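# Descriptive analysis of the structure
So the chains spell out like this:
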Amino acid sequence: MSENLFPVPAEWSSGTSMTKNRRAADHARSLDDGEGYWLEQARRLDWVTPPSRANESSFAEGDFGIKWFADGVLNVSANCIDRHLATRADDVAIIWEPDDPSETPRIFTYRELHENVCRFANVLKGAGAKKGDRVTVYMPMIPEAAFALLACARIGAIHSVVFGGFSPEALAGRITDCDSNIVITADEGRRGGKKVPLKTNVDEALKHCNSVRKVIVVKATGGAIAMEPGRDLWLDEETAKVSSECPAEPMSAEDPLFILYTSGSTGKPKGVLHTTGGYLLWASLTHELCFDYRPGDVYWCAADIGWVTGHSYIVYGPLANGATTLMYEGLPNWPTPSRIWQVAERHKAHTVFTAPTVLRALMKEGDDFVTSVDRSSIRLLGTVGEPINPEAWRWYHSVVGEGRCPIIDTWWQTETGAAMIAPMPGATDLKPGSATLPMPGVEPQIVDGDGKILDGACEGNLVIARSWPGQMRTVYGDHDRFFQTYFSTFPGKYTTGDGARRDADGYYWITGRVDDVINVSGHRMGTAEVESALVLHETVAEAAVVGMPHDIKGQGIYAYVTLNANEEPSEELRKALIKWVRTEIGPIATPDVVQFAPGLPKTRSGKIMRRILRKIAEGEVSPQALGDTSTLADPSVVDNLVANRVG
Ligand code: 6R9
């Protein structure tokens, strides 16, 4: 057992004020005296009007609602920029590393960040944006993406970032769902030496949306694109015309800050809505606790701004804490598998925070790509997005971190705003594969299928028993769906959709999703979304999608497809269907396997038995593994599926 326990290294236990005892005491107090604890924590932000109350949330059906610091007034952009100007205007806020290593990085001090964000905010105002308007951001990983978010926050517009890898169709759906009137994009993005036609995708998407009045375009590559007069504006031309000052709009703590679409177990992505005060407090507090940021450190979260990790741990958390945040445009393994470590070396990064899928891919390339690069600046290593297998954890710890850097495995979700269960470097002994212990204010419970709370060491469904400041407030435009999705399965508790085990030391081990969401390379994908895309194809009658084990991606996408009666399966059609899903949703949804199935295993009431499909995809086809098939309307379909299994 002892070789599975990594005690806090000496330099960390002496170098930080957060110790094991203090972590435990803070956690106990945050639950026993929540109001006192949170009103005290609220002082880490700069308020126009400080809040007099903290938590006024209820998970109960009758008076359901999530509310924190409700009478407080503040502005997120002022907290991330203006309040640092008095003491650290010339400190570096953002370091940007380009896709191509031969190009020059760009660096912005807090003063420069202020000017860029104010000008961008004035451009937004000029384009007609007002407090409460929804602005869709479809951008590459360039500094202007961070400016765009902060500019929206500055004027009280609600940003909705759509990952640059999503297709025009997916983009159009997200623009329409929140009725955006402005889109911010770039001419093109770049990743791994390849161009991404962002503006062209926007043009395509806007053929299907009529809410958008203006498109603001950042010149990133200078590639040739079409501009529609009256609708499309170049950011650089507009910024030259506006003032470099823009007052920050005073916002109520419960005014919306952003919407971020995420996959659930139904076909339609949910617009997760976060608000101003609670979210920022949560991002800022957890950034400090997990990464122990000290002035002068260069902190690097290698996520994309299109995901919640980019929101909370590239932009809002670090900037609220006055940190230097590194933003990287490209891929971790291009032009070489050393690239991720070279970026850290070039900028003397103190923290590297990435996803297990990246580690698994790099691990396969061999240790030389790591050890040939100077990693002496690195003191902390983080992971997020999916369970980290102990083998990848150990490699990260011993090879990348030379055995001296704590691994900060942060478990959380788009819905939770920021880290919920995670180590703190000076306070938490580590176990490979465990996200360890809850953050202050977080009360995890493990319940069985009937909602019974399990005690001590146990395994079951992970729920959270009370609200925390960074909790999502609603599904945009569908409050009932919010309640039904997260609070109806186990009444009075927030259902995470994850399974977890708790060991005798109270450590949490996330076992993965228990619903129809799969995790492909750390990205959430609703199986229903892929199914909806497949059945849109003219040849497809029915489709069922499940996850399958995948060495690098964690999970791959396995699709069973029933064709229309007059269609014949062929290799060509299989390829066409894979390409179709790619175009409909985006490359992250590309099926790894398409199996043609004359019939799907269904119960007599017509429900597809996914349990059986999952087993077949996993290659577990013995009668014991497949279990009881007697309730199927036609048990013989299973034999056909097993005989024609792909892989
Ligand atoms: C931040 C983020 C959320 C889902 C979540 C869980 C999985 C995330 C994890 C993890 C095990 C970790 N997940 N972090 N599983 N250990 N450290 O990833 O948000 O994209 O909404 O995904 O990802 O299954 O429910 P999001």
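Residues numbered from 1 in each chain as written. Predicted model: local features only at pLDDT ≥ 70, side-chain atom pairs only at ≥ 80, totals over all residues. Heavy atoms only, no water.

Going by an unreviewed UniProt entry, the protein carries the name Acetyl-coenzyme A synthetase and comes from Sphingobium phenoxybenzoativorans. Within the UniProt record for the protein, the comment given under Cofactor (unreviewed entry) is "Mg(2+)". (UniProt positions renumbered as here; feature names shortened; annotations may be inferred.)

Take the packing of aromatic side chains next. A full pass over the atoms with the stated rule returns 31 aromatic pairs. Arranged with centres 4.9 Å apart and planes meeting at 55°, the rings of Phe-6 and Trp-393 form a pair that is tilted. Of this pair, Phe-6 sits in the segment before helix 1 (10–15) while Trp-393 sits in helix 15 (residues 390–400), placing them 387 residues apart in sequence. For the pair Tyr-486 and Tyr-494, a centre-to-centre distance of 5.4 Å together with 15° between the ring planes defines the contact as stacked. (Phe/Tyr/Trp six-rings, centres within 6.5 Å; stacked < 30°, edge-to-face > 60°. Helix = DSSP H or I, 4+ residues; strand = E, 2+ residues; numbered from the N terminus.)

This next bit is on the pattern of salt bridges. Counted by the stated rule, this structure contains 44 salt bridges. A salt bridge links Arg-44 to Glu-288; its shortest N-O distance comes to 3.0 Å. Remark: Glu-288 occurs in helix 10 (residues 277–291) and Arg-44 occurs in the loop between helix 3 (34–41) and strand 1 (73–74); sequence separation between them is 244 residues. Given a relative accessible area of 36%, Glu-288 falls into the partly exposed group. One salt bridge in this structure joins Glu-56 and Arg-53, with 3.0 Å as the shortest N-O distance. On the basis of relative accessibility, which here comes to 36%, the residue Arg-53 falls in the partly exposed class. Members of the salt-bridge network, linked through shared partners, are Lys-199, Asp-203, Glu-228, Arg-231 and Asp-232. (Salt bridge = Lys/Arg side-chain N within 4 Å of Asp/Glu carboxyl O. Buried < 20%, exposed > 50% of the residue type's maximum accessible area, 1.4 Å probe, protein only.)

Strand order in this open sheet of 7 strands is 3-2-15-14-16-17-18, and the pairing throughout is mixed. Each end of this open sheet is capped by a strand with a single partner; those strands are strand 3 (106–109) and strand 18 (407–410). Each strand of the sheet is rotated relative to its neighbour by a mean of 20°, with strand direction disregarded. Its contacts with the sheet place helix 5 (residues 110–126) against strand 2 (92–97) and strand 3, and it is angled at close to 90° to strand 3. Set on the sheet, helix 15 makes contact with strand 16 (351–354), strand 17 (380–384) and strand 18; between it and strand 17 the angle comes to about 160°. (Pairing = 2+ DSSP bridges. Axes fitted to C-alpha atoms, helices over the stretch in contact; angles between N-to-C directions. Contact = heavy atoms within 4.5 Å.)

Let us look at helix 17 (residues 527–535). Structural remark: α-helix, 3.6 residues per turn; residues separated by three or four positions point the same way. Among the 9 residues that make up helix 17, 7 are buried, leaving the element largely enclosed by the rest of the structure. When we look at burial in helix 17, the residues that qualify are Thr-527, Ala-528, Glu-529, Val-530, Glu-531, Ala-533 and Leu-534.

This part takes up the environment of Tyr-299. Structurally, Tyr-299 can be placed in strand 14 (residues 298–301). Taking the C-alpha atoms as reference points, Tyr-299 and Thr-324, 25 residues apart in sequence, are found 6.0 Å from one another. Apart from the residues lying within four places of it in its own chain, the contact partners of Tyr-299 are His-287, Phe-291, Tyr-293, Tyr-313, Pro-318, Thr-324, Thr-325, Leu-326, Thr-351 and Phe-353. A polar contact of 2.8 Å, which involves the side chain of Tyr-299, links it to the backbone oxygen of Tyr-313. (Polar contact = N/O pair within 3.5 Å; in protein donor to acceptor, adjacent residues only side chain to side chain.)

Quick look at the sheet that holds strand 21 (residues 458–464) now. In space, the 5 strands of this open sheet follow the order 20-19-21-23-24, with antiparallel pairing throughout. Strands at the two margins of the open sheet, each flanked by one partner only, are strand 20 (453–454) and strand 24 (508–513). As judged from the 5 bridges shared by strand 23 (residues 494–502) and strand 24, these two strands associate in the antiparallel manner. Residue pairing in the sheet places Arg-502 in a bridge with Tyr-508 of strand 24.

Cis geometry is found at the peptide bond from Trp-334 to Pro-335, where omega equals 0°. Assignment of secondary structure puts Pro-335 in the loop between strand 15 (324–328) and helix 12 (339–346). You will see that Phe-69, though not glycine, has its phi angle at about 55°, which is positive. Residue placement: Phe-69 occurs in the loop between helix 3 and strand 1. Residue Phe-69 is classed as buried on the basis of its relative accessible area of 0%.

All right, on to the packing of helix 17 against helix 18 (residues 571–584) then. Contact geometry of helix 17 with helix 18 gives a least axis separation of 9 Å together with a crossing angle of 115°. Note on packing geometry: the crossing formed by helix 17 with helix 18 is right-handed. Of the residues in helix 18, those touching helix 17 at Val-530, Ala-533 and Leu-534 are Leu-577, Trp-580, Val-581 and Glu-584. Along the lines of polarity and charge, the residues of the contact of helix 17 with helix 18 split into 6 nonpolar, no polar and 1 charged. (Left-handed = near helix turned anticlockwise from the far one by under 90°. Nonpolar A, V, L, I, M, F, W, Y, C, P; charged D, E, K, R; others polar.)

Below, the discussion takes up the UniProt feature "domain: AMP-dependent synthetase/ligase" (unreviewed entry) in the protein. Mapped onto this numbering, the UniProt entry gives "domain: AMP-dependent synthetase/ligase" (unreviewed entry) at residues 82–467. Secondary structure over residues 82–467 splits into 32% helix and 23% strand, and the C-alpha atoms at its two ends are 30 Å apart.

As a further point, take the site of the ligand. The full set close to the ligand counts 17 residues, and Asp-409, Thr-410, Thr-414, Asp-498 and Arg-513 are the nearest of them. Between Thr-410 and the ligand, the recorded distance is 2.8 Å, taken from a backbone N or O atom to a nitrogen atom. Interatomic distance of 2.5 Å between a side-chain N/O atom of Thr-414 and an oxygen atom of the ligand. Notes on the ligand: free accessible area 530 Å², of which the protein chains cover 96%. (Near = heavy atom within 4 Å. Areas by Shrake-Rupley, 256 points an atom, 1.4 Å probe, with all protein chains shown as cover.)

Here strand 16 shows a buried face lined by Thr-351 and Phe-353 and a second buried face lined by Val-352 and Thr-354. Here 4 bridges tie strand 16 to strand 17, and the two strands are oriented parallel to one another. Of the residues in strand 17, the one forming a bridge with Thr-354 is Thr-383.

Moving on to the side chain of His-537. For His-537, the position within the fold is in the loop between helix 17 and strand 27 (540–550). Polar side-chain contacts of His-537 include one of 2.9 Å to the side chain of Thr-539. Those residues in contact with His-537 that sit more than four places away from it in its chain are Leu-573, Leu-577 and Trp-580.

On to the packing of helix 3 against helix 10. Helix-helix packing: each pair is described by the crossing angle between the helix axes and the interaxial distance. It is the contact of helix 3 with helix 10, at a shortest axis distance of 11 Å, that shows an interaxial angle of 85°. Our classification of the angle between helix 3 and helix 10 gives roughly perpendicular. Contact residues: Tyr-37, Trp-38 and Gln-41 in helix 3; Leu-281, Trp-282 and Leu-285 in helix 10. Class assignment of the residues belonging to the contact of helix 3 with helix 10 gives a composition of 5 nonpolar, 1 polar and no charged. (Parallel < 35°, antiparallel > 145°, perpendicular 65-115°, else oblique.)

Following the UniProt record, the feature "binding site: CoA" (unreviewed entry) maps to Arg-191, Gly-192, Gly-193, Lys-194, Thr-309, Asn-333, Ser-521 and Arg-582 here. In summary, the annotated positions, distributed over 392 residues, remain apart in three dimensions as well, the widest C-alpha pair reaching 23.7 Å. With a relative accessible area of 33%, Arg-191 lands in the partly exposed category. Inspection of the secondary structure assignment puts Asn-333 in the loop between strand 15 and helix 12. If we skip the residues at most four places from it in the chain, Asn-333 touches Arg-339 and Leu-362.

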